[in-house]
Amino acid sequence: MTGDVWPLVHAERAALIDDLAGLDEAQWDTPSLCHGWAVHDVVAHLVNSARSTRTGFVVDLVRARFDFDRQNARGVARERGGTPKETLERLRRAAPRTSTPPAPLDSRLVEEVIHGEDIRRPLGITRAYPREAVVRALRLQARTPASFGGAKELLGRVRLTATDADLTIGDGPEVTGPVLDLLLAVSGRRVALEGLDGPGAAVLAAQS
């Protein structure tokens, strides 16, 4: 899995745009899996993320006084349109971009897959994600410290074994389940715990 990440990222953006195009305005107000954010807010965050550049990210972070939550909130406010249609059009325009903040390129997959599920699961929408995209996202989360939104420390306490991919990662009591649910669970989405088994599942539940 060493190929160019951008075709996978662009495919995820296109798939989400297709799903969003079928929503009515009330569905855009549905609470997402991101605490305090509606679907509309998550889409605005994805627009901001797609437009982010290395220099722009650093400037925004300084202006937010190095508070990531404040920086994200400012980005949502900036990119959220007056209507869902306007925000969706902004996402369409940003979708082909290949700019990135100062982070590993696979972080673009983490953004698209996890936030895609933040939107889809509350709406009852399912997607068969390309396995490579989800596995790459999970491997990056396993290397990333919690201070940067990852699960490096957690994966020192549990071992994840995917039931639908050739992937075992971590050290400790085993947790088994679909790779997508494993990714979501180590990223703090409690809804994914329902799809997991094994003695390590309680460890994930305690940290979610």
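Structure: above.
Residues numbered from 1 in each chain as written. Predicted model: local features only at pLDDT ≥ 70, side-chain atom pairs only at ≥ 80, totals over all residues. Heavy atoms only, no water.

As for its placement among the helices and strands, Leu140 is situated in helix α8 (residues 131-143). We classify Leu140 as buried; its relative accessible area is 4%. Note: C-alpha distance between Leu140 and Val203 (63 residues apart in sequence) is 20 Å. When residues no more than four places from it in sequence are discounted, the contact partners of Leu140 are Pro104, Asp106, Ser107 and Val110. (Helix = DSSP H or I, 4+ residues; strand = E, 2+ residues; numbered from the N terminus. Buried < 20%, exposed > 50% of the residue type's maximum accessible area, 1.4 Å probe, protein only. Contact = heavy atoms within 4.5 Å.)

Side chains of Val58, Val62 and Phe66 sit close together on the surface and give an oily, nonpolar patch of about 290 Å² of accessible area. Of note, Val58 is situated in helix α4 (residues 54-63). Assessed through its relative accessible area of 45%, Val58 is described here as partly exposed. (Patch = residues over 30% accessible without salt bridge, like charges linked within 9 Å, V, L, I, M, F, W, Y side chains within 5 Å. Areas by Shrake-Rupley, 256 points an atom, 1.4 Å probe, with all protein chains shown as cover. Salt bridge = Lys/Arg side-chain N within 4 Å of Asp/Glu carboxyl O.)

Right, let's get into helix α6 (residues 84-94). Buried within α6 are the following residues: Pro84, Thr87, Leu88, Arg90, Leu91 and Ala94. Each buried residue of α6 sits inside an arc of 155 degrees when the element is viewed along its axis, so together they form one side. With respect to the buried face of α6, the exposed residues turned more than 90 degrees away are Lys85 and Arg93. Here the buried face of α6 lies against α1 (6-21), α2 (25-28), α3 (39-51) and α5 (68-79). (Arc of directions from axis to C-beta.)

Each aromatic ring pair is characterised by the separation of its centres together with the angle its planes make. With the rule as written, the count across this model stands at zero aromatic pairs. Sitting above the plane of the Tyr129 ring, Arg127 keeps its charged end 5.4 Å from the centroid. (Phe/Tyr/Trp six-rings, centres within 6.5 Å; stacked < 30°, edge-to-face > 60°. Lys NZ or Arg CZ within 6 Å of the ring centre and 35° of its normal.)

Before going further, it helps to spend a moment on the packing of α8 against helix α9 (residues 179-186). Two quantities define a packed helix pair, namely the angle between the axes and the distance from one axis to the other. The N-to-C vectors of α8 and α9 enclose an angle of 30 degrees; their axes lie 9 Å apart at closest approach. The angle between the axes of α8 and α9 places the two elements in the roughly parallel class. Note on packing geometry: the crossing formed by α8 with α9 is left-handed. Every residue of α9 that contacts α8 at Val134, Val135, Ala137, Leu138 and Gln141 is listed here: Val179, Leu180, Leu182, Leu183 and Val186. Among the residues making up the contact of α8 with α9, the classes are represented as nine nonpolar, one polar and no charged. (Axes fitted to C-alpha atoms, helices over the stretch in contact; angles between N-to-C directions. Parallel < 35°, antiparallel > 145°, perpendicular 65-115°, else oblique. Left-handed = near helix turned anticlockwise from the far one by under 90°. Nonpolar A, V, L, I, M, F, W, Y, C, P; charged D, E, K, R; others polar.)

Geometric values such as these leave the question of function open.
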